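# Architecture and fold: a report
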Amino acid sequence: MTATLAKPPSAADDWTIPQDWASYSENEHRVWDRLFARQIGMLQSRASTAFLNGLESLSLSRAGIPDFADLSERLHRLTGWRVVAVPGLVPDEVFFDHLANRRFVAGRFIRKPEQLDYLEEPDVFHDVFGHVPLLADPVFADYMQAYGLGGLRALNFHSLEKLARLYWYTVEFGLIRENGALKLYGSGIVSSFGESMFALEDSSPNRIGFDLERVMRTQYRIDDYQQSYFVIDSFDDLLHRTRDADFAPVYARLENLPDIAPDAILVEDRVIHRGTQERGYAGAKS
Ligand SMILES: [Fe+2]
């Protein structure tokens, strides 16, 4: 999400572009296959059940970069969502409007073979492998739509930074408790080889029980693995806290409270793991 962007002439009014699946090269399909194989073995024991079920029900294990048209057909049958291609980052109001209408925007390009761990901006592997499996889960699918609707409302409150933190610490970097064990569901984690292990097993980051207002006050890192991860109890709980909440008084209350540093622990936190923060984090980010 970002503010002032110029729409490329090739994009439609809603910023979508054709995926042009036929134009992917063999090498590009092979990069997808390498990334997929590398993640899938590790995620069997680490990813949330909903994520693994989504991979299965959407047939995402088929070789090659998925064709958005086929994928959308399968996804639409399950939860009414579709995947549409965009040229890159899109303006906030465009992003929220797509989510509010159950359309997930995805980049169409894929990283180079020599950049498996390096991403300047989200590519099709992050966007489709990372995000789309959970959209096959009816409750998470509703959460994403509720987030889009909340985003459209937040445009009037100038509270996008706070709402962006909710997205960051849930959709991108969330953990969930399943049968007493922590599992991964955030797309930024499940699409990253290193962070999939770091987020669950490393002693460095904090793992803290999810609290909506706490998360909205917490700064995050875009230049390194996260220093804190927030753990939800269920997607149902997350959905109800988001869809059923009136954010206007929340935003008003948060206006008067200071932001929280990415590595901080508060006395009122439900601490699941107090991180050592021994990982040498990259440059300061406010
Ligand atoms: Fe993402």
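In what follows, the structure referred to is the one given above.
Residues numbered from 1 in each chain as written. Predicted model: local features only at pLDDT ≥ 70, side-chain atom pairs only at ≥ 80, totals over all residues. Heavy atoms only, no water.

### As for the overall build of the protein chain
Counted only if it meets this: Strands here mean DSSP runs of E at least two residues long; helices mean DSSP runs of H or I at least four residues long; both are numbered from the N terminus. For the exposure calls, accessible area comes from a 1.4 Å probe over protein chains only, and a residue counts as buried if that area is under 20% of its type's maximum, exposed if over 50%, partly exposed in between. Note on definitions: a residue-residue contact is assigned when non-hydrogen atoms from the two residues lie within 4.5 Å. Where accessible areas are quoted, they stem from the Shrake-Rupley method and a 1.4 Å probe; at the residue level, only the protein chains shown are allowed to cover. Under the convention used here, Asp and Glu are negative, Lys and Arg are positive, and both His and the chain ends fall outside the count. To locate a charge, take atom NZ for lysine, CZ for arginine, CG for aspartate or CD for glutamate.
Each helix and strand in the protein chain was counted, giving twelve helices and seven strands. Projected onto the principal axes, the alpha-carbon positions of the protein chain cover approximately 55 × 40 × 35 Å. Burial statistics for the protein chain: of 286 residues in total, 53% are counted as buried. Sequence separation of at least 24 residues holds for 71% of the intrachain contacts in the protein chain that already meet a minimum separation of 6. When the accessible surface of the protein chain is split by element, carbon and sulfur atoms take 50% of a total near 12700 Å². When the 30 basic and 42 acidic side-chain charges of the protein chain are each reduced to a single mean position, those positions are 2 Å apart.

### Things to note about the coordination of the iron ion
We apply this condition: A donor here means an N, O or S atom no more than 2.8 Å from the metal, or no more than 3.2 Å when the metal is Na, K or Ca. Since water is not included, a site may seem to lack partners. Site shape is set this way: if four donors have all angles between 85 and 135 degrees, tetrahedral; if opposite donors are over 155 degrees apart and all others between 65 and 115, square planar for four donors and octahedral for six; otherwise irregular.
Bound to the iron ion are the protein donor atoms H126 (NE2), H131 (NE2), E172 (OE) and E172 (OE), situated 2.0 to 2.8 Å from the metal. Seen from the iron ion, its four donor atoms lie at angles of 52 to 137 degrees, and the figure they make is irregular. Positions of the donor residues of the iron ion along the chain correspond to the pattern H-x4-H-x40-E.

### A few points about helix α4 (residues 92–100)
Within α4, seven of the nine residues are buried, which leaves the element mostly enclosed by the surrounding structure. Considered for burial, the residues of α4 that qualify are D92, V94, F95, F96, H98, L99 and A100. On its buried side, α4 packs onto β1 (82–86), β2 (103–107), α6 (138–154) and α7 (160–172). A positive phi of about 55 degrees marks R102, the residue just after α4.

### Section: the side chain of T170
Counting through the fold element by element, T170 comes out in helix α7. Setting aside its immediate chain neighbours within four residues, T170 contacts Y143, Y185, G186, F210 and L238.

### What to know about the pairing of strand β3 (residues 175–178)
Inclusion rule: Strands are treated as partners if at least two bridges between them are detected by DSSP.
Bridge analysis of β3 against strand β4 (residues 181–184) gives four bridges, and the strand direction is antiparallel. Of the residues in β4, the one forming a bridge with I176 is K183. The loop that links β3 with its antiparallel partner β4 comprises two residues; one of these, N179, has a positive phi angle of about 50 degrees. Note that β3 and strand β6 (residues 228–232) share two bridges and pair parallel. Bridged to L175 within β6 is V231.

### Concerning the environment of S61
If you trace the backbone, S61 turns up in the loop between α2 (49–57) and α3 (68–79). For the pair formed by S61 and D33, sequence separation is 28 residues and the distance between their alpha carbons is 8.8 Å. Residues contacting S61, with those up to four places away along its chain left out, are F36 and L55.

### Considering α6
In plain terms, the rule: One fewer than the residue count of a helix, multiplied by 1.5 Å, yields its expected span.
In this model, α6 (17 residues) spans 24 Å end to end at C-alpha, consistent with the 24 Å of a helix rising 1.5 Å per residue. F140, A141, Y143, M144, A146, Y147, G148, G150, G151 and A154 are the residues of α6 that are buried.

### A short note on the packing of aromatic side chains
When we look at a pair of aromatic rings, we describe it by the centre distance and by the angle of the planes. For clarity, the cut-off: In summary, the pairing rule links any two rings of Phe, Tyr or Trp, Trp by its six-membered ring, whose centres are within 6.5 Å, and it sorts them by plane angle into stacked for under 30 degrees, edge-to-face for over 60 and tilted for everything else. Either the NZ atom of lysine or the CZ atom of arginine qualifies as a charge over a ring when it sits within 6 Å of the ring centre and within 35 degrees of the ring normal.
Under the defined criterion, the tally for this structure stands at 20 aromatic pairs. Residues Y169 and Y220 carry aromatic rings whose centres are separated by 6.3 Å and whose planes lie at 85 degrees to one another, so their mutual orientation is edge-to-face. Of this pair, Y169 sits in helix α7 while Y220 sits in the loop between α10 (212–216) and β6, and the two are 51 residues apart along the sequence. Both rings, one in F198 and one in Y225, keep their centres 4.9 Å apart while their planes meet at 45 degrees; by these two values the pair is tilted. Of the two residues, F198 sits in helix α9 (residues 193–201) while Y225 sits in the loop between α10 and β6, which places them 27 residues apart along the sequence. Residue F198 is classed as buried on the basis of its relative accessible area of 5%. Its guanidinium or amino end placed over the ring of F198, R279 lies 5.4 Å from that ring's centre, counting from NZ or CZ.

### Here's the deal with the packing of α4 against α6
The line we're drawing: For every element, the axis is a line fit to its C-alpha atoms; helices are fit only across the contacting stretch, and the angle between N-to-C directions ranges from 0 to 180 degrees. Angle categories are assigned with fixed cut-offs, so that under 35 degrees is roughly parallel, over 145 is roughly antiparallel, 65 to 115 is roughly perpendicular, and the rest are oblique. Left-handed describes a crossing whose near helix is turned anticlockwise from the far helix by less than a right angle; the clockwise case is right-handed. Lys, Arg, Asp and Glu make up the charged group, whereas Ala, Val, Leu, Ile, Met, Phe, Trp, Tyr, Cys and Pro make up the nonpolar group; the residues left over, Gly among them, are polar.
Closest axis-to-axis distance for the α4/α6 pair is 7 Å, and the angle between their directions is 140 degrees. With respect to their mutual orientation, α4 and α6 come out oblique. Regarding α4 and α6, the two cross each other, and that crossing is left-handed. Here E93, F96, D97, L99 and A100 of α4 lie close against α6, whose contacting residues are M144, Q145, Y147, G148, L149, G151 and L152. Classifying every residue of the contact of α4 with α6 by side-chain character gives seven nonpolar, three polar and two charged.

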